[in-house]
Amino acid sequence: MTSLNRPARLNRTLLAVLGVLLLASSSFAVAAHFGHITFLDSDATLAATTAEPPTWALWIAAAAAIVLGLLILRWMAAQLTRRPRTHTWRFEQNPEQGSTELAANTATAPFLREVTAYPGVHHARATLAGTRQNPTLAMVISTERGADLTTINHRLDTHGLPRLRQALDLDSLPFTVEYRLTTHTGVRAR
């Protein structure tokens with residue numbers, strides 16, 4: 001139905017590479033410890049001498065640790081703020097007669113009410129980002145464990161998204177959908 005956006009693909013790729021590197025290095029260490037790697041002596045010490053390293057080496061190690069820590073903090077902050085930026089859209093057919101401004105979040109409110117009414121959907125959230133000339137819609141839909149995602153996708157494709165595109169007077173609206181399962185089950189009172 002949708003493809004992952006570029007930051008999500010990059011994020012998953014970096015996590016996969018990091019995981020493979022950690023798995024390979026730990027496997028190497030375990031194999032070296034048990035003597036399965038023939039060119040390493042499992043009884044040898046890690047360092048040939050016990051003398052302290054030069055001061056410049058300690059400063060470089062500290063600087064590298066600080067830079068790595070800041071990069072990790074930046075990555076963690078990016079995980080918390082995953083919603084794209086929204087804009088106020090201007091509808092101007094004849095600027096002399098005035099214009100209409102529409103907050104992007106206001107435009108998605110009726111759409112979200114409709115999606116939340118789909119069977120199996122517990123909660124929905126959407127962010128309409130970009131400009132009117134280059135819009136994107138990012139959705140997060142929380143579903144009950146027994147929800148039929150195929151039916152929800154079909155209703156989005158045939159009812160919800162076409163109505164939103166028509167309301168916003170757009171020919172196309174690229175979108176992403178993230179599904180989250182909730183622990184809430186059963187029929188909700190309306």
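How each quantity is defined
Residues numbered from 1 in each chain as written. Predicted model: local features only at pLDDT ≥ 70, side-chain atom pairs only at ≥ 80, totals over all residues. Heavy atoms only, no water. Helix = DSSP H or I, 4+ residues; strand = E, 2+ residues; numbered from the N terminus. Buried < 20%, exposed > 50% of the residue type's maximum accessible area, 1.4 Å probe, protein only. Contact = heavy atoms within 4.5 Å. Areas by Shrake-Rupley, 256 points an atom, 1.4 Å probe, with all protein chains shown as cover. Expected span 1.5 Å × (residues − 1). Bend = angle between axes of the 7 residues up to and from the residue. 1 Å grid on protein atoms, 1.4 Å probe; cavity = no way out; pocket = protein on both sides within 12 Å on 5 of 7 lines; lining within 4 Å. Points joined across faces, edges and corners; volume = space filled by probe spheres on them. Nonpolar A, V, L, I, M, F, W, Y, C, P; charged D, E, K, R; others polar. Core = buried A, V, L, I, M, F, W, Y, C linked by side-chain atoms within 4.5 Å. Pairing = 2+ DSSP bridges. Right-handed = clockwise from strand over helix to strand, strands pointing away. Polar contact = N/O pair within 3.5 Å; in protein donor to acceptor, adjacent residues only side chain to side chain. Patch = residues over 30% accessible without salt bridge, like charges linked within 9 Å, V, L, I, M, F, W, Y side chains within 5 Å. Salt bridge = Lys/Arg side-chain N within 4 Å of Asp/Glu carboxyl O.

S.K.: Can you lay out the overall build of the chain for me, pointing to particular residues and giving the numbers?
M.R.: On a plain count of helices and strands, the chain comes out with four helices and five strands. Burial status across the chain gives 22% buried among its 190 residues. Counted over contacts in the chain with a minimum sequence separation of 6, partners at least 24 positions apart contribute 61%. Carbon and sulfur atoms provide 60% of the accessible area of the chain, an area that totals close to 14,200 Å².

S.K.: Break down helix 3 (residues 104-116) for me, citing the residues and quoting the values.
M.R.: Since the α-helix turns once every 3.6 residues, residues separated by three or four places project in the same direction. Compared with an ideal rise of 1.5 Å per residue, which puts 13 residues at 18 Å, helix 3 spans 18 Å between its outermost C-alpha atoms and is within 8% of the ideal. A maximum bend of about 30° is found in helix 3 at P110. Among the residues making up helix 3, those that are buried are A104, A107, T108, F111, L112 and V115.

S.K.: Could you give an account of the environment of A103, with specific residues and numbers?
M.R.: Within the secondary structure, A103 sits in strand 2 (residues 100-103). For A103, a relative accessible area of 35% translates into the label partly exposed. Taking the C-alpha atoms as reference, A103 lies 9.3 Å from L128; in sequence the two are 25 residues apart.

S.K.: Describe in detail the layout of surface pockets, supporting the description with residues and values.
M.R.: When its volume is computed, the second largest pocket comes out at roughly 280 Å³. Listing elements by their share of the lining of the second largest pocket, those giving two or more residues are helix 1 (6-33) and helix 2 (55-80). The greatest single-element share of the lining of the second largest pocket, amounting to five residues, is contributed by helix 1. Residue composition of the lining of the second largest pocket, by class: nine nonpolar, no polar and no charged.

S.K.: Go over the nonpolar core, please, and point to the residues and values.
M.R.: Formed by 23 residues in total, the largest nonpolar core has its most connected members in F111, V115, L128, L137, M139, I141 and L156. Contributing elements (two or more residues each) for this core: helix 3, strand 3 (121-130), strand 4 (135-143), helix 4 (149-168) and strand 5 (175-181).

S.K.: Please set out the pairing of strand 5 residue by residue, giving values where relevant.
M.R.: With seven bridges connecting them, strand 4 and strand 5 associate as parallel partners. For M139, the partnering residue across the bridge sits in strand 5 and is V177. Between the parallel elements strand 4 and strand 5, the chain passes through helix 4 in a crossover that is right-handed.

S.K.: I'd like a rundown of helix 4, residues and numbers included.
M.R.: L156 marks the point of greatest bend in helix 4, at about 45°. For helix 4, the full list of buried residues reads I152, N153, L156, G160, L161, L164 and L168. The opening residue of helix 4 is D148, an N-cap whose side-chain oxygen sits 3.3 Å from the backbone nitrogen of T150.

S.K.: Requested: an account of a nonpolar patch on the surface, with residues and values cited.
M.R.: Nonpolar side chains collect at one region of the surface, where L15, L18, L22, I66, L68, L70, I72, L73, W75 and M76 lie side by side and expose about 990 Å² of accessible area between them. Broken down by secondary-structure element, the contributors of at least two residues to the nonpolar patch are helix 1 and helix 2. At seven residues, helix 2 tops the list of elements feeding residues into the nonpolar patch. Mapped onto the fold, L22 is located in helix 1.

S.K.: Talk me through the pattern of salt bridges; I want residue IDs and the actual numbers.
M.R.: Overall, the coordinates contain two salt bridges when judged by the stated rule. The closest approach of N and O atoms between E114 and R163, which form a salt bridge, is 3.2 Å. One end of the pair, E114, is in helix 3; the other, R163, is in helix 4, with 49 residues separating them in the sequence. Using a relative accessible area of 53% as the deciding quantity, one classes R163 as exposed.

S.K.: Would you mind going over the environment of L170 in detail, with residue names and values included?
M.R.: Tracing the backbone shows L170 in the loop between helix 4 and strand 5. You can call L170 buried: its relative accessible area is 13%.

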